[in-house]
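# Residue-level structural notes
The residues making up each chain are set out below.
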Amino acid sequence: MTTPYPADSPLTPPPGCPAHGLVGEDLGGDGLGAGGQVVAGQAIGGQAIGGVGANGLRRLYGPEAEADPAGLYEKLRAEHGEVAPVLVHGDLPAWLVLGHSANLTAMRTPSRFSRDSRRWTAFQEGLVTPDSPLMPVIAWQPLCVFADREEHKRLRGAVTDSLGRFDRRGIRRYVTRFADQLIDGFGAAGRADMVSQFAEHLPMLVMTQLVGMPEEYGPRLVEAARDLMKGTETAIASNDYVVATLRRMMERKRVEPGGDLVSWLMQHGAGLSDDEVMEHLRVVLLAANETTVNLIADTLKMVLTDRRFRAHLSGGHMTLPDALDQVLWDSAPMSLVAGRWATGDTELGGQQIKAGDMLLLGLAAGNVDPGVRPDLSKPLYGNRSHLAFGGGPHECPGQDIGRAIAETGIDILLTRLPDLQLAVPEDELAWTSAWLSRHLVDLPVRFTPRARPEGQDAPATVPATPSTRPTPPAGPPAGPAAAAGLPPQRRRSWWSVLTGGFRR
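Residues numbered from 1 in each chain as written. Predicted model: local features only at pLDDT ≥ 70, side-chain atom pairs only at ≥ 80, totals over all residues. Heavy atoms only, no water.

Looking only at helices and strands, the protein chain features 19 helices and 15 strands. When each of the 504 residues of the protein chain is scored for burial, the buried share is 56%. Put simply, 74% of the contacts in the protein chain that link residues at least 6 apart link residues at least 24 apart. Surface summary for the protein chain: the accessible area is close to 20,000 Å², and the carbon and sulfur share equals 53%. (Helix = DSSP H or I, 4+ residues; strand = E, 2+ residues; numbered from the N terminus. Buried < 20%, exposed > 50% of the residue type's maximum accessible area, 1.4 Å probe, protein only. Contact = heavy atoms within 4.5 Å. Areas by Shrake-Rupley, 256 points an atom, 1.4 Å probe, with all protein chains shown as cover.)

Below, the structure is given as structure tokens:
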């Protein structure tokens, strides 16, 4: 059941959300982050987690695993080949798919490897506790990402049909407008952080327009999403704000539909329920944002630090789309995808997989499989057979939009600031790592200051002063509870907990 919001009720960020503290301030100060260390500390029962469990299997979580994920993947490949037995949170057994071919097999054969997490033996045996860090990632929900066969076709069809209706030139116009606004916001300083002042803002600003939100919602939603995706103490409130905003938009579009994702999903012949529309909007809005932020940040990092790329770009021997392809091979926005579940006893990569076993798709590991990349230094311009967007029936439906945002935004940035340079030694750059992904903490740059054109609107990153608190959501979305699903009292914080696993 949806919660109506009066048409004139203001939507402001939740108390404690960073959006409240950004009014009238220069985002990021001098634009240079303080740096950071790999965040990986965890403990069980007050004791530090080692890299190997009691049964001799390597853990995919904990300080050792998260300090050097790529190194761990290569150890597992050397020990086990294309598919390796590993331990996930709670020391539960799983299979990590390391080979490029084996990953494609798992992705493309849903009859053998289902997306329905309720099949997991650990769920059926009651081994997964309600507060497990795994729950936000693998607990079944009524989304296309957890569906198979006809239900998957119904839900995904609505999403792909709706996303496919967007005019790519129109998307690029939005990217151009917001990229220019962001650059105008920090251009006069001559210094900036490309993660917090550019990459983390641009995708969400564009997506708010595609969803059909009034432009003034953009800055506030960006800040709420950033807060949510970083798993802060106010992440739950920020998640509620995102949900409230989406539900309010659905109520408005029910009366005044337009050429936007909300309207198209609600009108689609698949007959999505209100909860299905809202949940898929949130997945598109937040998951697409997270991966595109990483793609922009990693591509800019490579352009600024790899002499081959900078020379090729300036010399005209390599296009920006080629650079994006190389980054998607070398730095997939998501390292792992959890997961697939075996529908019966089977074999994959030389390993005997039992019915109900969980498989983790190793996108980053598969992209450096020696079987397809014997020489990692060899460029892969124009080669799009990487695993960054998945494959098979669950291949990322928004990849073209994500690429368009990244490609156009970076092109505008390099055109506007042609002397953009890294402002710190490359070895001072730092990442946060978790079992699912790896994030660049900051990317400090310097350039010749650019004055903002006269009459230019304020940059998109500075939100209007909030006047009142948002009307709180009435509660979590209604829907049938599944045995392996999130407990009802935790459904509303699904994304905040999920991203706590991303960015510890």
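Still more to cover.
This part covers the sheet that holds strand 12 (residues 421-422). Taking strand neighbours across the sheet as the criterion, the three strands line up as 7-15-12 in an open arrangement whose pairing is antiparallel. Among the strands making up the open sheet, the edge pair consists of strand 7 (191-193) and strand 12. Pairing between strand 12 and strand 15 (residues 444-446): two bridges, direction antiparallel. From the neighbouring strand, glutamine 421 faces strand 15, where its bridge partner is arginine 446. (Pairing = 2+ DSSP bridges.)

Compared with an ideal rise of 1.5 Å per residue, which puts 19 residues at 27 Å, helix 8 (residues 168-186) spans 27 Å between its outermost C-alpha atoms and is within 8% of the ideal. Among the residues of helix 8, Gly170, Ile171, Val175, Phe178, Ala179, Gln181, Leu182, Ile183, Asp184 and Phe186 are the ones counted as buried. Looking at the buried positions of helix 8, the neighbouring elements they touch are strand 7, helix 9 (195-199), helix 10 (202-211) and helix 18 (399-416). Between a side-chain oxygen at the N-terminus of helix 8 and the backbone nitrogen of arginine 169 the separation is 3.2 Å; the capping residue is aspartate 167. (Expected span 1.5 Å × (residues − 1). Polar contact = N/O pair within 3.5 Å; in protein donor to acceptor, adjacent residues only side chain to side chain.)

In spatial order, the strands read 3-4-5-11-8-6; together these six strands make up an open sheet with mixed pairing. Each having just a single partner strand, strand 3 (58-59) and strand 6 (113-114) make up the two edges of the open sheet. The pairing of strand 6 with strand 8 (residues 336-342) spans two bridges and is antiparallel. The partner of serine 114 across the bridge, within strand 8, is tryptophan 341. Running at roughly 130° to strand 4 (residues 83-88), helix 3 (residues 69-80) makes contact with strand 3, strand 4, strand 5 (92-97) and strand 8 of the sheet. Packing of helix 4 (residues 100-108) onto the sheet brings it into contact with strand 4, strand 5, strand 6, strand 8 and strand 11 (358-362), and relative to strand 11 it is tilted by some 125°. (Axes fitted to C-alpha atoms, helices over the stretch in contact; angles between N-to-C directions.)

Along its 32 residues, helix 14 (residues 274-305) runs 46 Å from first to last C-alpha, staying within 8% of the 46 Å computed at 1.5 Å per residue. Across the 32 residues that make up helix 14, a large majority, 28, are buried.

A separate point is the confidence of the model for the protein chain. With 76% of its residues at a pLDDT of 70 or more, the protein chain shows a mean pLDDT of 79. Looking at the elements of the protein chain, mean pLDDT is at its lowest for helix 19 (residues 494-502), recorded as 34, and at its highest for strand 9 (residues 346-348), recorded as 98. Residue range residues 459-504 is modelled with pLDDT below 50. Its contacts to residues more than four positions away, or to other chains, number 134 contacts. (pLDDT = per-residue confidence, 0-100.)

A word on the pattern of salt bridges. Where charged atoms from two side chains of opposite charge come close, those side chains can pair. One pass over the structure, following the stated rule, counts 21 salt bridges. The salt bridge involving lysine 153 is made with glutamate 150; its shortest N-O contact spans 3.6 Å. Here lysine 153 and its partner glutamate 150 are both found in helix 7 (residues 149-163), three residues apart, which amounts to about one turn of the helix. For the pair formed by lysine 153 and glutamate 150, the shared burial category is exposed. Among the salt bridges present, the one from arginine 247 reaches aspartate 275, with a minimum N-O distance of 3.0 Å. Of this pair, arginine 247 sits in helix 12 (residues 235-255) while aspartate 275 is found in helix 14, placing the two residues 28 residues apart along the sequence. For arginine 247, a relative accessible area of 3% corresponds to the buried category. We classify aspartate 275 as buried; its relative accessible area is 13%. One network of salt bridges, with partners in common, ties together Glu74, Arg77 and Asp369. (Salt bridge = Lys/Arg side-chain N within 4 Å of Asp/Glu carboxyl O.)

Okay, unusual backbone geometry next. With glycine set apart, most residues show a phi of negative sign, and most peptide bonds adopt trans. In the segment running from alanine 338 into glycine 339, the intervening peptide bond is cis, with an omega of -10°. With respect to the element layout, glycine 339 can be found in strand 8. Backbone geometry at aspartate 91 places phi at a positive 55°, although glycine is not the residue there. Turning to its location among the elements, aspartate 91 is positioned in the loop between strand 4 and strand 5. Residue classification places aspartate 91 among the partly exposed positions, given a relative accessible area of 26%.

On to the pairing of strand 5. The two faces of the sheet receive side chains in turn, since in a regular strand these alternate between them. Counting buried positions over the six residues of strand 5 gives five, a clear majority of the element. Strand direction decides the pairing type here: strand 4 and strand 5, joined by six bridges, are antiparallel. Bridged to leucine 87 within strand 5 is proline 93. A loop of three residues connects strand 4 with strand 5, the two strands running antiparallel in sequence, and glycine 90 in this loop sits at a positive phi of about 85°. The pairing of strand 5 with strand 11 spans three bridges and is parallel. Looking at the pairing, tryptophan 95 lines up with leucine 359 of strand 11.

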